[in-house]
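# Commentary on secondary and tertiary structure
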Amino acid sequence: MPPRGARLRAALPYAAVLLGAVFLYFRAAEFAMMGREGNLGPAFWPRAVLLLLMIVCLLEMLRVAFFFRREPDEPIVPAAGPVPEEDDAPRLPALLAGGIVITVLYVPAMEMMGFFLATILYLAAFMWIGRYRRPIVVAVTSVLGTIAFVYVFMKVVYVSLPLGAGPFRQFSAWVLAALGVH
Amino acid sequence: MQDVLLQLGHGFMHLGTPTNALALVVGLVVGMLVAVLPGLTLVMGVVLALPFTYGMAVTPSIVLLTAMYLSGTYGGAFTSILFRIPGEPLDVPLLWDGYPMARQGQPAKALGWTLLAALIGGLITAVSAVALAVPFAKFALRFDAPEYFAILMFGLSGVVSLAGGSLAKALVSLCVGLLLASVGVDETYGADRFTFGVPMLKDGIEYLTVMVGAYGLGEVLTRMEQGFVTPPMDASRKLETRFPSWREIRELKGTIGRSSFIGVLCGIVPGAGATVGSFVAYGVEAQYGKNRGKLGTGIPEGIVAPQLASTATVGGHMVPLLALGIPGSGATAVILGAFLLHGVQPGPQIFQTSGDMVYTIFASMFAAVLGMCLLGYFAIKPLIWVLKLPEAVTSAFVALFCFVGAYSARNSVTDLWMIVAFGIVGYLFERFRFPIAPMVLGCILGPVAENAFMTSMIAYKNDWAIFFTRPISGVVMVMTLIALGFPLVRQFREAIRRDRVAAAPIGDLNHEVRP
């Protein structure tokens, strides 16, 4: 039997999903009563899905607790030919955390600074955090890439990308005028 | 038959218009680029191309995405054979023989076999799509709500059972997708479901944000955690393609026949896409091929079988997509999304209501096959140039495409937050090895399945047995149960085999696992 820690780690995602499913199942009571007489009502379908979800999670947690073995994660295909090399790249949580933080910040930054400025900063920060450390290439790629995006999406595809607020809005308008986007 | 050929002729004429022809060429080139880049999957590429189709008419949109899909099954062969880097999972079996052949000093020959396999697979897939779609649609005209529900369940179960090794994870993923689809104001009763008083949730969750976030941004975050380890390639290698002789081709007629059949079949069965087709064709060759003992050493059979089968799945996938409105893979789910975004619902009636469009798409498949082979023969060198770009740079732009793509659909900042949320969900799915495809398909097909179910219940007075007592829906429901039971049986047999191996004495074990 594998150690308790390994079993706990394997059961954790299912426990989290189960808790969420139970919560949603009871929240469905809010709209369960809106159905007409003789009909199943609007809560039936989501509740049926939630029940299935809960059963699957419970069964998996039981399996992990009593019959734990490594899950067959490989695709269901015939095992033919030499096995490709395992992807043994180490995980770098700091990089991931940095990536998530700048990605989350990008959305409010776009609302405040406008697409042009926020995107230049986002692209540069992304490449830098992604360990590409050639400042001139990063700067040039970010600026030219953003200009290309603005031109293609606003001039060709007619998407109204955010312009930002206050002085940033004026700056975005100036950039667009310079690019010939009206 | 004559009518079909006539319509196909009209399709070729429509394809000749500048917009459609341009969409075809762009789709082929971008599909190849996506397949060449190891960080971009084929589905992700099709998803990222979707925003560019918003302003286009429906026909060029679908022509573009289908051309991408088709050429994407071929482009990754170059990196597999020359650099031992599969651009797509479907290219993995290809490198088992393609790379050794290249190392033996015959890269041009290996690329020639690949080109031939893609050409044959592509032509077979286009012919099978034209031949099978109309009979499929005629048959589907007999369907009522219970049959539709049964077919949708079969489609979803196929994706669940074939999406990955763990049935439980695939079911969790599917349920999450179905629940996401139920958020917002319910169509039948007008009730707010799971909106928690948040106004933006009343409109529901756009499946586009789920697709783009989970597939695109999720993959980018996963690669970021790994530190973008794929180094830029030395793409200056000499690239030549040399066709095999007619005699050599004739020697492989058994492989060609088997792989063609497997490819088309894997295309029609929901869930068994190009990757499964590629692996199965290689596996069948390993079991029944004339030179099965030499597989893995760099023989043509090991190149032709996976390449031909993976390309041949495309047309098979287009049949249920067009005739029934059911996508069998991630890429066809995106193409269905493109149809719906343009207000077109694929199904049996589409051949009457939009015949010109359907046959233009079919014609584009024939043209795309020839186009991708020409591109592969003459223009692969500039396409391989993208391999020189560092992964951090390409990933930054992929992330940007995700944001702009999601924003473009409704010009809504809310969708940007959704992208971030589903990007993190996609990363967590990858991290804990939950398949994403069932969630995306659940999200797209959930409302249709719920509607078919509710209509059946209202029409047949809540009689559950109706799904099993009507002949067509009954057969399909039994097939659904078999599809769901298949991985369970497989896992059970696997567990017994492992127990036997674990219990066997060392001497027996050595004997058993001897290669």
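Calculation notes
Residues numbered from 1 in each chain as written. Chains lettered and ligands numbered in written order. Predicted model: local features only at pLDDT ≥ 70, side-chain atom pairs only at ≥ 80, totals over all residues. Heavy atoms only, no water. Helix = DSSP H or I, 4+ residues; strand = E, 2+ residues; numbered from the N terminus. Rg over C-alpha atoms; globule rule 2.2 N^0.38 Å. Buried < 20%, exposed > 50% of the residue type's maximum accessible area, 1.4 Å probe, protein only. Contact = heavy atoms within 4.5 Å. Lys, Arg positive; Asp, Glu negative; His and termini not counted. Charge placed at Lys NZ, Arg CZ, Asp CG, Glu CD. Buried area = accessible area lost by both parts, 1.4 Å probe. Salt bridge = Lys/Arg side-chain N within 4 Å of Asp/Glu carboxyl O. Polar contact = N/O pair within 3.5 Å; in protein donor to acceptor, adjacent residues only side chain to side chain. Nonpolar A, V, L, I, M, F, W, Y, C, P; charged D, E, K, R; others polar. Domains from an automatic or database assignment. Axes fitted to C-alpha atoms, helices over the stretch in contact; angles between N-to-C directions. Left-handed = near helix turned anticlockwise from the far one by under 90°. Expected span 1.5 Å × (residues − 1). Phe/Tyr/Trp six-rings, centres within 6.5 Å; stacked < 30°, edge-to-face > 60°. Lys NZ or Arg CZ within 6 Å of the ring centre and 35° of its normal. Core = buried A, V, L, I, M, F, W, Y, C linked by side-chain atoms within 4.5 Å.

When its secondary structure is counted, chain B shows 24 helices and two strands. Against the 2.2 N^0.38 benchmark of 24 Å for 515 residues, chain B shows a C-alpha radius of gyration of 23 Å, consistent with a compact globule. The 515 residues of chain B split such that 63% are buried. Residue pairs in contact within chain B that sit at least 24 positions apart in sequence constitute 78% of those at least 6 positions apart. Within chain B, one finds 32 positive and 29 negative side-chain charges whose respective centroids are separated by 10 Å.

This part is about the interface of chain B and chain A. Counting residues at the interface gives 82 residues for chain B, matched by 78 residues for chain A. Between chain B and chain A, a total of about 7200 Å² is buried, with carbon and sulfur atoms accounting for 76% of that surface. It is B:Y189, B:M224 and B:E225 in chain B that bury the most area against chain A; as a group they hold 10% of the surface buried on that side. Here chain B and chain A share one salt bridge between them. For A:R91, the salt bridge is made with B:E225, and the minimal N-O distance between the two is 2.9 Å. Across the chain B-chain A interface, the total number found is five residue pairs in polar contact (both at pLDDT 80 or more). Looking at the side of chain B that touches chain A element by element, the count peaks at twelve residues for helix α19 (residues 391-410) of chain B. In the side of chain B that touches chain A, the residues fall into 55 nonpolar, 15 polar and twelve charged.

Further remarks concern the domain arrangement of chain A. Accessible area lost upon the coming together of the parts serves often as the stated size of an interface. Partitioning chain A into domains gives domain 1 (4-67) and domain 2 (92-179). On a C-alpha basis, the centres of domain 1 of chain A and domain 2 of chain A stand 40 Å from each other.

So, on to the side chain of B:E391. Residue and element names in this part refer to chain B. In this fold, E391 is placed in helix α19. On the basis of relative accessible area, E391 is assigned to the buried category, the value being 9%. In this structure the side chain of E391 is engaged in a polar contact, spanning 2.6 Å, whose partner is the side chain of R223.

Contact pair helix α4 (residues 93-113) of chain A / helix α10 (residues 207-225) of chain B: the axes reach a minimum separation of 7 Å and the direction vectors enclose 145°. Contacts between α4(A) and α10(B) pair A:P93, A:L95, A:L96, A:G99, A:I100 and A:T103 from the former with B:L217, B:L221, B:M224 and B:E225 from the latter. Class assignment for the residues of the contact of α4(A) with α10(B) results in seven nonpolar, two polar and one charged.

Glancing now at the environment of B:G75. Residue and element names in this part refer to chain B. Among the structural elements, G75 can be located in helix α4 (residues 58-83). Sequence separation between G75 and L33 is 42 residues, and the spatial gap between their C-alpha atoms is 7.1 Å. Setting aside anything within four residues of it in sequence, one finds G75 in contact with M32, A35 and V36.

It is worth spelling out the pattern of salt bridges at this point. When the charged atoms of two side chains with opposite charge come close together, those side chains can pair. The tally for this structure, following the rule as stated, stands at 13 salt bridges over all chains. Between B:E147 and B:R470 there is a salt bridge, with its nearest N and O atoms 2.8 Å apart. Placement of B:E147 in helix α7 (residues 145-163) and of B:R470 in the loop between α22 (466-469) and α23 (471-503) is noted, with a sequence separation of 323 residues between them. The class of B:E147 is buried, set by a relative accessible area of 4%. Residue class for B:R470 comes out partly exposed when judged on its relative accessible area of 21%. As a salt-bridge pair, B:E219 and B:R223 come within 3.1 Å of each other at their nearest N and O atoms. Residue B:E219 and its partner B:R223 are located together in helix α10, separated by four residues, close to a single helical turn. For the pair B:E219 and B:R223, one class covers both residues: buried. Taken together, the salt bridges that share partners define one network made up of A:R91, B:E225 and B:R431.

All names here are of chain B. The geometry of helix α8 (residues 167-182) relative to helix α21 (residues 437-459) is characterised by a closest axis approach of 7 Å and an angle of 40° between their N-to-C directions. At the point where α8 passes α21, the crossing takes the right-handed sense. Residue-level inspection shows A170, S173, L174, V176, G177, L178, L180 and A181 of α8 in contact with α21, the latter providing P438, M439, G442, C443, G446 and P447. Within the contact of α8 with α21, the residues separate by chemical class into ten nonpolar, four polar and no charged.

Residue and element names in this part refer to chain B. A rise of 1.5 Å per residue sets the reference length of α8, with its 16 residues, at 22 Å; its end C-alpha atoms lie 23 Å apart and thus fit the reference within 8%. Summarising burial for α8: 14 of the 16 residues are buried, a large majority. Of the residues trailing α8, G184 is marked for its positive phi of about 115°.

Turning our attention to unusual backbone geometry. Its identity is not glycine, yet A:R131 carries a phi of approximately 70°, on the positive side. Relative to the helices and strands, A:R131 resides in the loop between α5 (115-129) and α6 (135-156). Residue B:F194 is not a glycine yet carries a positive backbone phi of 50°. By the secondary structure assignment, B:F194 is in the loop between β2 (192-193) and α9 (199-202).

Attention shifts here to the environment of A:V56. Along the chain, A:V56 turns up in helix α3 (residues 44-66). Sequence separation between A:V56 and A:A16 is 40 residues; the distance between their C-alpha atoms is 13 Å. Ignoring any residue separated from it by four or fewer positions in sequence, one finds A:V56 in contact with B:A168, B:L171 and B:V172.

We now examine the packing of aromatic side chains. Two descriptors summarise a pair of aromatic rings, namely the distance from one centre to the other and the angle between the planes of the rings. Summed over the entire model, instances satisfying the criterion amount to 30 aromatic pairs over all chains. Arranged with centres 5.7 Å apart and planes meeting at 45°, the rings of A:W45 and B:F453 form a pair that is tilted. Of this pair, A:W45 sits in helix α3 while B:F453 sits in helix α21, on two different chains. What makes B:F453 buried here is its relative accessible area of 5%. Between the aromatic rings of B:F143 and B:Y148, the centroid separation amounts to 5.7 Å while the plane-to-plane angle is 80°, which identifies the pairing as edge-to-face. Classification of B:F143 as buried rests on a relative accessible area of 11%. One aromatic cluster in this structure is built from A:F44, A:W45, B:F149, B:F453, B:W464 and B:F467. Sitting over the face of the ring of A:Y25, A:R47 holds its NZ or CZ atom 4.5 Å from the ring centroid.

This next bit is on the nonpolar core. If you look at the biggest cluster of nonpolar residues, it comprises 194 residues, and the most contacted ones within it are B:F339, B:F351 and B:F362. Among the elements that line this core, the one with the most residues is helix α6 (residues 107-140) of chain B, at 15 residues. Domain assignment of the residues forming this core places at least three in each of domain 1 (4-67) and domain 2 (92-179) of chain A. Among all residues touching B:F351, those that are not within four sequence positions of it are B:A133, B:V134, B:A137, B:L322, B:A323, B:V358, B:Y359 and B:F362. If you look at the next biggest cluster of nonpolar residues, it comprises seven residues, including B:V92, B:L95, B:W96 and B:F279.

Now for helix α15 (residues 330-341) of chain B. An α-helical turn contains 3.6 residues, so a residue and the one three or four places further along point in the same direction. Residues and elements named next belong to chain B. Look at α15: 17 Å from first C-alpha to last across twelve residues, which is about the 16 Å you get at 1.5 Å a residue. Most of α15 is tucked away, with ten of its twelve residues classed as buried. Buried within α15 we find G330, A331, T332, A333, V334, I335, L336, G337, A338 and F339. Positive backbone phi, approximately 75°, marks G343, located one or two places after α15.

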